[in-house]
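Fold and contact review
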Amino acid sequence: MKKNILLLPGDGIGHEISKEAEKIFNWLDKNTNLEFEISKELIGGASIDEYGEPITNKVLNLAKKSDAILLGAVGGPKWEKLDFIKRPERGLLKIRKELDLFANFRPAIVFDALVSASSLKEEIISDLDIMIIRELTSGIYFGEPRGIEKISENIKKGFNTLVYHSDEIERIATVGFEIAMKRNKKLCSIDKANVLESTELWRDVVNDVSKKFPEIHLTHMYVDNAAMQLVRNPKQFDVIVTTNMFGDILSDCASMLTGSLGMLPSASLGEFNTGKKIRKAMYEPVHGSAPDIAGKNLANPLAMIQSIGMMLEYSFSSLDLNNLLKSCINNILNNGYRTEDIFSNSNEKKLGTSEMGDMLVKELEAS
Ligand code: IPM
Ligand code: MN
């Protein structure tokens, strides 16, 4: 049966990397038993320009009906001055919330060929393989009350609410433990329980859930220490589970351990339907819309392509195809091909966005 994919290129380099994604879907269509029906729609600034809002109900409904969503990136200086509610980012946050995509998987993996692209020493990051699981539909991103209010003639107040309910913590913690079971049976939960009650509750609930997973070695860490430890000795981590905002910050930090933000994919998953092995899912690169390089054929499409890899594994049970994509990427890097962001010396061969996509198709053909 055909898989319905909603492709949302978004803004900036989102367009260029989406074109490369389509090349991969074409290859998969022709060469595997999976078939894809791709619908392309607007989100973010592109949707604001066309319809005056960052996501339309039509697109939201398509998102709800699709088998999986692939998103490029949203945002850019053109829309930064808009009211908060109309900004490109709101489109992304709305999909996450309305589809209840609460579990965000952000792997940070170092490809051998790229050890020297990291700003950290080789021995600190070689073979690094961390999975950050970020809670994505609650916490300070969505807590009420929120806003900016004038409280006197000269003073305004800006405020947000960091709130977690125990059932929200329980479900993301459970995902963390389940993934840890499939990996090295180590889980680190990151909070700020020494200062914030909402994350004191986080720690208590994670401890409760741990009783169901006696095999897992669970540790807790405060977020400030975790940021430091990620840079000092990242290999002490295997699976990390954390709140929405801490996960946002720590995943950017972890991404730079791997050399480039341009290499990292992500998956945002909802609950499984009862009785069925189906869950809503959106896949997107961790990087942003990079307006400074947009339209110049400089963007690295590999995070987007690895996001397709995660889609194949998580939504369509094709772990083999994800592995195939990863090994093709590995070969390309080992052969010295680089996009601008991961180029480090003159022995390497520089490729543009579309050439990198073509190279990957060529590698798939040869596989
Ligand atoms: C991310 C991004 C988003 C976030 C923005 C664009 C809303 O930084 O996916 O990490 O903060 O979650
Ligand atoms: Mn972010």
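Residues numbered from 1 in each chain as written. Chains lettered and ligands numbered in written order. Predicted model: local features only at pLDDT ≥ 70, side-chain atom pairs only at ≥ 80, totals over all residues. Heavy atoms only, no water.

Regarding the pairing of strand β1 (residues 2-10)
Our working rule: For two strands to be treated as a pair, DSSP must find no fewer than two bridges joining them. Only DSSP runs of H or I reaching four residues or more are called helices, and only runs of E reaching two or more are called strands; each is numbered from the N terminus.
In this sheet, strand β2 (residues 35-40) lies alongside β1 in parallel orientation, the contact comprising 6 bridges. Residue pairing for β2: leucine 6 is matched across the bridge by serine 39.

Things to note about helix α6 (residues 166-182)
The test is simple: Working rule for helices: expected span equals 1.5 Å times residues minus one. For the exposure calls, accessible area comes from a 1.4 Å probe over protein chains only, and a residue counts as buried if that area is under 20% of its type's maximum, exposed if over 50%, partly exposed in between.
The end-to-end C-alpha separation of α6 is 24 Å, in line with the 24 Å expected for 17 residues at 1.5 Å each. Here α6 has its buried residues at Glu168, Ile169, Arg171, Ile172, Ala173, Thr174, Val175, Gly176, Phe177, Ile179 and Ala180.

Concerning the site of ligand 1
Stated precisely, the cut-off is as follows: One heavy atom within 4 Å of a molecule or strand makes the whole residue count as near it. Contacts described as polar in this section are N or O atom pairs within 3.5 Å, which, within protein, must combine one atom able to donate a hydrogen with one able to accept it, while residues neighboring in sequence count only if both atoms come from side chains. Using a 1.4 Å probe, the Shrake-Rupley method yields the accessible areas, and only the shown protein chains count as cover for residues. Three classes are used: nonpolar for Ala, Val, Leu, Ile, Met, Phe, Trp, Tyr, Cys and Pro, charged for Asp, Glu, Lys and Arg, and polar for all others, with Gly counted as polar.
Neighbouring ligand 1 are the residues Glu89, Arg96, Arg106, Arg134, Tyr141 and Asp248. Interatomic distance of 2.5 Å between a side-chain N/O atom of tyrosine 141 and an oxygen atom of ligand 1. The side chain of aspartate 248 places a nitrogen or oxygen atom 2.9 Å from an oxygen atom of ligand 1. Compared with its free state, where it exposes 320 Å², ligand 1 has 76% of that area covered by protein. Here the shell around ligand 1 is built from residues that sort into 1 nonpolar, no polar and 5 charged.

Considering unusual backbone geometry
Glutamate 144 connects to proline 145 through a cis peptide bond whose omega is 0°. In this fold, proline 145 is placed in the loop between β5 (129-135) and β6 (147-150). Its identity is not glycine, yet serine 317 carries a phi of approximately 50°, on the positive side.

Things to note about helix α11 (residues 319-334)
Working note: α-helix, 3.6 residues per turn, so residues spaced by three or four point in the same direction. For clarity, the cut-off: Directions drawn from the helix axis to the C-beta atoms are what define this arc. Residues count as neighbours in contact if any of their non-hydrogen atoms are within 4.5 Å of one another.
The terminal C-alpha atoms of α11, which comprises 16 residues, lie 22 Å apart, in line with the 22 Å expected from a rise of 1.5 Å per residue. For α11, every residue scored as buried is listed here: Leu321, Asn322, Leu325, Cys328, Ile329, Ile332 and Leu333. Within α11, the buried residues cover an arc of 135° as seen down the axis, which keeps them to one side. The inward-facing, buried residues of α11 contact α1 (14-31), α10 (302-314), β13 (337-338) and α12 (353-366). Where α11 terminates, the next one or two residues include glycine 336, which has phi positive at roughly 90°.

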